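Letter by letter, the chains look like this.
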Amino acid sequence: MSGISLKKLNKTYGHLTVVHDIDLEIADKEFIILVGPSGCGKSTTLRMIAGLEEISSGELYIGDDLVNDIPSKDRDIAMVFQNYALYPHMTVYKNMAFGLQLRKAPEDEIDAKVRETAKILDIEHLLNRKPKALSGGQRQRVALGRAMVRNPEVFLLDEPLSNLDAKLRGSMRSAITKLHRQLDSTFIYVTHDQVEAMTMADRIVVMKDGYIHQVDTPQVLYDRPINMFVAGFIGAPQMNMLDVTIEKQGEAYIGKFHDTDFPLMLGEKAARLDPYVGKSVVLGLRPESFHETMPHDVDPAKTCSFSALVELAEPMGAEIHLNLVAHGANLIARVSPRCEAEDGEMVTLYCDLANPHLFDKETEKSILF
């Protein structure tokens, strides 16, 4: 298999288009995640790849084969749903074996595949139980096992961890990532949880309102978001957005926010600010850009201090999240657990501007991308 290609893929229900001209190349054996808010079209796109939704227009290729009109059962794919979709009256063994039995595989082959897969997923001791006797994490492993025994070229996973508690989601994220490496297959995964996307994917597809906004590796999306939506969606807590006025002082540019001057030392990209001098833009700052003391490992010329009111300090163990208000703007800062700031007090923070993000207010596109 040589990958999956989506070319100008659209999905329309009557006069409503929910997926718009999707162009996407998925490499063989890649782990790619479609992420975005509810209603962005990610699950619909996955279901079109699966053959569970008819394609309104455009082309879908698996390898070199156009599969628009190929039935789901003939696409060599397996899908794992968020509700597990297990047969409640069947044991784990029979749930996993059922697809192979439908294909009339030899019984000894079925038994060998089921037991081998159960060993990989550490559910050998559950083979004689029925789904109602399993925990959520165990049911999800069974659903994965049922897909694995078919040895498909492509795994499609639609919000598979959304029904699990936070601790179990963390362990299952690791299990699925290891499984991808072990199976050496293509994984296409849908989630609204950007933490899942950041920790699991080779590449992330960020969607909104049926459109793809950006496709790249997790780190590039974090460091170089193409617009305000991607910048705000990727990262937890999300990026802070401040309206600043661009001023030029000699050869230097600053972003003026009331009585605070944010130095914008952008090197060769600085000239991109010329059309914005005297105008308002959006300055994006990650929560970890703020420090309660002057950072020692940052160029002092790329820092500034400002005052803000602490509305709420949230101890997180390894760090504290400060919910702040500065001149009516809401901010969040990630600071060290040694910070002693208390609710209701004014604090002075130092801002690291080594990697600022600037966005055009009208187009919401990155000025620096």
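Check the entry above for the structure.
Residues numbered from 1 in each chain as written. Predicted model: local features only at pLDDT ≥ 70, side-chain atom pairs only at ≥ 80, totals over all residues. Heavy atoms only, no water.

1. Some points on the sheet that holds strand β20 (residues 357-359)
Sheet strands pair via backbone hydrogen bonds, and the direction of the pair is either parallel or antiparallel. Operational definition: One bridge is not enough; two strands pair if DSSP finds at least two bridges between them. Each helix is a run of DSSP H or I of at least 4 residues and each strand a run of E of at least 2, with the numbering of both proceeding from the N terminus. Orientation is described by lines fitted to C-alpha atoms, with helices fitted over the stretch in contact, and by angles between N-to-C directions that extend from 0 to 180 degrees.
On the basis of which strands lie adjacent, the open sheet formed by 5 strands has the order β13-β12-β11-β14-β20 and antiparallel pairing. Of all the strands in the sheet, just β13 (260-264) and β20 have a single pairing partner and so form its edges. Across the sheet, the axes of successive neighbouring strands diverge by a mean angle of 40°, strand direction being ignored.

2. Description of the pattern of salt bridges
The test is simple: Here, a salt bridge means any side-chain nitrogen of Lys or Arg that lies within 4 Å of a carboxyl oxygen of Asp or Glu. The buried label goes to any residue with under 20% of its type's maximum accessible area, the exposed label to any with over 50%, and the partly exposed label to all in between, with areas taken from a 1.4 Å probe on protein chains only.
In total, this model carries 14 salt bridges according to the counting rule given. Where E25 meets K7, a salt bridge forms, and the shortest distance between an N and an O atom there is 3.5 Å. Here E25, found in strand β2 (residues 16-26), pairs with K7, found in strand β1 (residues 4-13); they are 18 residues apart in sequence, far enough to count as distant. The class for K7 is partly exposed, based on a relative accessible area of 34%. Across the salt bridge formed by R203 and E30, the nearest N and O atoms sit 2.5 Å from each other. Of the two residues, R203 sits in strand β9 (residues 203-208) while E30 sits in the loop between β2 and β3 (31-35), which places them 173 residues apart along the sequence.

3. Some points on the sheet that holds strand β19 (residues 346-352)
One open sheet holds the 5 strands; their spatial order is β15-β19-β16-β17-β18, and the pairing between them is antiparallel. What marks the edges here is a single partner per strand, and that holds for β15 (290-291) and β18 (329-335). Two strands pair when backbone bridges link them, and strand β16 (residues 303-315) and strand β17 (residues 320-326) are joined in this way by 6 bridges, in the antiparallel orientation. Each bridged residue has a counterpart across the sheet, and for V310 the counterpart in β17 is L324.

4. Some points on the layout of surface pockets
The following threshold applies: Computed over the protein atoms alone on a 1 Å grid, cavities are sets of points where a 1.4 Å probe fits but cannot get out and pockets are open sets with protein on both sides within 12 Å along at least five of seven lines; a residue lines them when it has an atom within 4 Å of a point. Grid points are joined across faces, edges and corners, and a volume is the space filled by probe spheres set on the points.
In this model, the largest pocket occupies a volume close to 600 Å³. Lining the largest pocket we find 20 residues, and of these I77, A78, M79, R146 and R150 sit closest to its centre. Those elements that place two or more of their residues in the lining of the largest pocket are β6 (77-80), α2 (92-102) and α4 (136-148). When residues of the lining of the largest pocket are assigned to their parent elements, the largest contribution, 4 residues, is made by α2.

5. Structural notes on the packing of aromatic side chains
Our working rule: Ring geometry is summarised as follows: Phe, Tyr and Trp rings, the Trp one being its six-membered ring, pair when their centres sit within 6.5 Å, and such pairs are stacked at plane angles under 30 degrees, edge-to-face over 60 and tilted between the two. The rule for a charge over a ring is simple: NZ of Lys or CZ of Arg within 6 Å of the ring centre, and within 35 degrees of the ring normal.
Under the definition given, this model contains 8 aromatic pairs. Chaining the aromatic ring pairs together yields one cluster made of F31, F155, F187 and Y189. The side chain of R224 reaches across the aromatic face of F369, ending 4.7 Å from its centre.

6. With respect to the packing of α4 against helix α5 (residues 166-183)
Note the cut-off: Roughly parallel means an angle under 35 degrees; roughly antiparallel means over 145; roughly perpendicular covers 65 to 115; every other angle is labelled oblique. Helix crossings are classified by the rotation of the near helix relative to the far one: an anticlockwise turn of less than a right angle makes the crossing left-handed, while a clockwise turn makes it right-handed. Residues count as neighbours in contact if any of their non-hydrogen atoms are within 4.5 Å of one another. Put simply, Ala, Val, Leu, Ile, Met, Phe, Trp, Tyr, Cys and Pro go in the nonpolar bin, Asp, Glu, Lys and Arg in the charged bin, and everything else, Gly too, in the polar bin.
Packing of α4 against α5 leaves a shortest axis separation of 11 Å and a crossing angle of 15°. Of the possible angle classes, the one that applies to α4 and α5 is roughly parallel. When the axes of α4 and α5 are compared, the crossing they make is right-handed. Touching G136, G137, Q140, R141, L144 and M148 of α4 are L168, M172, A175, I176, L179 and L183, all from α5. Of the residues that constitute the contact of α4 with α5, the class distribution is 8 nonpolar, 3 polar and 1 charged.

Note that all results are geometric; they support no functional claim without further evidence.
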